[in-house]
Amino acid sequence: MKNILVTIDFNNSEQILIDKAYQLAAQFESKIWLLHIAAPDPDFVGYGVGPQYVRDNRATVLRKEHKHLEELSKSLKEKGVKAEGLLVQGATIEMILAEAKKLNVDLIIAGHHDHNFLYNAFVGSVSGNIVKKSKIPVLIVPID
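Model, not experiment: these values are computed from the prediction. (Residues numbered from 1 in each chain as written. Predicted model: local features only at pLDDT ≥ 70, side-chain atom pairs only at ≥ 80, totals over all residues. Heavy atoms only, no water.)

(A) Focus on the sheet that holds strand β1 (residues 3-8). If you walk across this open sheet you meet the 5 strands as β3-β2-β1-β4-β5, and the pairing is parallel. Only two strands of the sheet have a single partner each, and these edge strands are β3 (83-89) and β5 (138-142). On average, each strand axis in the sheet is tilted by 25° relative to the strand beside it, whichever way the strands run. For strand β4 (residues 107-112) and β5, the ladder comprises 5 bridges, and the chain directions are parallel. Bridge assignment links Ala110 to a residue of β5, and that residue is Ile140. Sitting on the sheet, helix α1 (residues 14-28) touches β1, β2 (31-38), β4 and β5, and the angle it makes with β1 is about 175°. Taken strand by strand, helix α2 (residues 52-78) contacts β1, β2 and β3, and its axis lies near 160° from that of β3. (Pairing = 2+ DSSP bridges. Helix = DSSP H or I, 4+ residues; strand = E, 2+ residues; numbered from the N terminus. Axes fitted to C-alpha atoms, helices over the stretch in contact; angles between N-to-C directions. Contact = heavy atoms within 4.5 Å.)

Here it is, written out as structure tokens:
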């Protein structure tokens with residue numbers, strides 16, 4: 001197992017996923033890829049970007065997320081594990097699977113949150129959709 005992809009959604013539970021990835025990476029001398037999928041550009045989903053302050057705010061959020069990824073990967077490197085942070089914009093499931101394929105990933109690690117019936121019926125589960133669509137093994141880690 002040379003490459004492990006960890007999906008990060010910045011909901012204050014990413015450390016659980018990173019710790020699990022670290023355990024595996026340390027055993028197999030794997031590289032960890034920390035992947036955060038940012039919301040797509042408004043143009044991507046058919047909306048204009050609006051006034052300048054909207055674009056400025058979006059850029060600030062993306063810079064903050066990118067910096068956080070850099071900090072997380074740096075902490076893994078300090079523990080002796082190869083790690084990189086990636087910030088990609090787009091549709092979540094499709095981008096996770098595309099990046100996993102591009103990076104030649106051997107394992108995808110994703111968190112699972114318990115949601116109520118209505119949420120699951122209308123929105124669905126990211127982790128569940130990754131499992132359904134992935135040809136790469138997926139490790140689902142309970143977050144709640």
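Picking up after the structure, the text goes on.
(B) Spatial organisation of the packing of helix α3 (residues 92-102) against helix α5 (residues 126-133). Between α3 and α5, the least distance of the axes is 10 Å, while the angle of their chain directions is 50°. Viewed along their axes, α3 and α5 adopt a mutual orientation that is oblique. The element α3 and its partner α5 pack so that their crossing is right-handed. On the side of α3, the interface is formed by Thr92, Ile93, Glu94, Ile96 and Leu97, while α5 contributes Val126, Asn129, Ile130 and Lys133. Here the contact of α3 with α5 is built from residues that sort into 5 nonpolar, 2 polar and 2 charged. (Parallel < 35°, antiparallel > 145°, perpendicular 65-115°, else oblique. Left-handed = near helix turned anticlockwise from the far one by under 90°. Nonpolar A, V, L, I, M, F, W, Y, C, P; charged D, E, K, R; others polar.)

(C) Up close: the nonpolar core. Grouped together as the largest cluster of nonpolar side chains are 18 residues, with contacts concentrated most on Val6, Ile32, Leu34 and Ile109. Of all the elements in the fold, those that place two or more residues in this core are β1, α1, β2, α2 and β4. For this core, the element with the highest residue contribution is α1, accounting for 4 residues. Ile37, Ile96, Leu97 and Ala110 belong to the second-largest nonpolar core, a separate cluster that totals 16 residues. (Core = buried A, V, L, I, M, F, W, Y, C linked by side-chain atoms within 4.5 Å. Buried < 20%, exposed > 50% of the residue type's maximum accessible area, 1.4 Å probe, protein only.)

(D) Seen up close, the environment of Leu139. Note that Leu139 resides in strand β5. By relative accessible area, which is 28% here, Leu139 ends up partly exposed. Through-space distance from the C-alpha of Leu139 to that of Ile109 is 4.8 Å; in sequence the pair is 30 residues apart. The contacts of Leu139, once residues within four sequence positions are left out, are Lys20, Leu24, Leu107, Ile108, Ile109 and Ala110.

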